[in-house]
Amino acid sequence: MLSSRPTIDVIGAPQDLGQEKRGVDMGPSAIRVAGLVERLRGLGYEVADQGDIHCCSMATSEPGDRRARYAEEVVHDAEALADQVERSARAGHFPMVLGGDHSVAIGTMGGLARVQPRQALIWVDAHPDFNTPETSPSGNIHGMPVAAILGQGDQRLVAATGVNPKALETHTVLIALRDVDRGEAERLRRSRVRYFTMRDVDQMGIPRIVEETVAVVTTDGVDRVHLSFDMDAVDPRHAPGTGTPVPGGMTYREAHLLMELLHDADVVTSAEVVEVNPALDTRNQTAQLAVELMASLCGKQILA
């Protein structure tokens, strides 16, 4: 938990194989250029930048199974990321992973689960990422990681990193949903996952959503609570540099309030921020927002 002021390990995962638009592999570099390490150190944390894991390249890989494109390569990268995240967690540090596309979460969660298997997951995203190869209209694996993390879908993804499941379904919360495929909507309704759509954000407000989220992820005791933040959760007016933008997302202040209240709750033990694509961005605006949001999670205050 951040109240104990752990060392923050920054780990880059420049993977782009989970989706089809080039450029998201430059996300970790863009976030670093936007000043992440300096911002966190300015908040008083010791920060160790562990560099980037080596990821397979879309330029030299074949999609393979069209229902789960680049599955073998995604698993390969997940194993490499899991090793790095596991080392960080075993050292008692706070892993902060920089994507890359959202399929990197399979490796992040796998590495954490190797250390402490009873994990809760807070997933902030315009999409539930709850597809399987049978329900996905695209075959893009960045639309499947939540299912894989919870032990569902393509068995290569499910088994990746040697831990299954990688989080508890009853302790998983999705926030800011607004673009859901028909098949995954049916699967989500049948699941035990708690979810909040943007209508819920409008009607309930961020404070109540955080209150209910914290109750879900801490009930019955868990070993860890991971926060996975996809930048497309934020409205494209504020975060244009992402591969699957959807109008009607969280405002700048709603996103910051979410992070600020999660910091106050002091439940998050690791985090990742993904889907920053500098090739689609405007003056690194989305990467800068990613840095600001991680700073808010780590305790940045308006009057501080």
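You'll find the structure just up there.
The rules behind the values
Residues numbered from 1 in each chain as written. Predicted model: local features only at pLDDT ≥ 70, side-chain atom pairs only at ≥ 80, totals over all residues. Heavy atoms only, no water. Helix = DSSP H or I, 4+ residues; strand = E, 2+ residues; numbered from the N terminus. Buried < 20%, exposed > 50% of the residue type's maximum accessible area, 1.4 Å probe, protein only. Contact = heavy atoms within 4.5 Å. Expected span 1.5 Å × (residues − 1). Salt bridge = Lys/Arg side-chain N within 4 Å of Asp/Glu carboxyl O. Lys, Arg positive; Asp, Glu negative; His and termini not counted. Polar contact = N/O pair within 3.5 Å; in protein donor to acceptor, adjacent residues only side chain to side chain.

Caption draft 1: Broad picture of the environment of Glu62. Note that Glu62 resides in the loop between strand S2 (47-52) and helix H3 (71-90). Taking the relative accessible area as the measure of exposure, Glu62 reaches 64% and is therefore exposed. Separated by 11 residues in the primary sequence, Glu62 and Glu73 have C-alpha atoms spaced 9.1 Å apart. Among residues more than four places away in sequence, those in contact with Glu62 are Tyr70 and Glu73.

Caption draft 2: Molecular detail of helix H10 (residues 252-265). If you check H10, its first and last C-alpha atoms are 20 Å apart, about what 14 residues at 1.5 Å a residue would give, namely 20 Å. Within H10, the full set of buried residues consists of Ala255, His256, Leu258, Met259, Glu260 and Leu262. On its buried face, H10 sits against strand S4 (119-124), strand S5 (172-177), helix H9 (206-218), strand S7 (224-230) and helix H11 (285-297). One or two steps after H10, the chain reaches Asp266, where phi turns positive at roughly 55°.

Caption draft 3: Broad picture of the pattern of salt bridges. Tallied over the entire structure, the rule returns 16 salt bridges. Here Asp52 and Arg32 are joined by a salt bridge, their closest N and O atoms 2.8 Å apart. One end of the pair, Asp52, is in strand S2; the other, Arg32, is in helix H1 (residues 27-33), and 20 residues separate them in sequence. For Asp52, a relative accessible area of 38% corresponds to the partly exposed category. Through salt bridges that share partners, Asp65, Arg67, Glu72, Glu134, Asp154 and Arg156 make up one connected network.

Caption draft 4: Fine view of the side chain of Asp230. Assignment of secondary structure puts Asp230 in strand S7. No salt bridge is formed by the buried Asp230; the nearest opposite charge belongs to Arg178, separated by 8.2 Å. For Asp230, the side chain forms a polar contact with the main-chain nitrogen of Asp232, separated by 2.9 Å. Not counting residues within four places of it along the chain, the set of residues in contact with Asp230 comprises His102, Val124, Asp125, Thr242, Val274 and Glu275.

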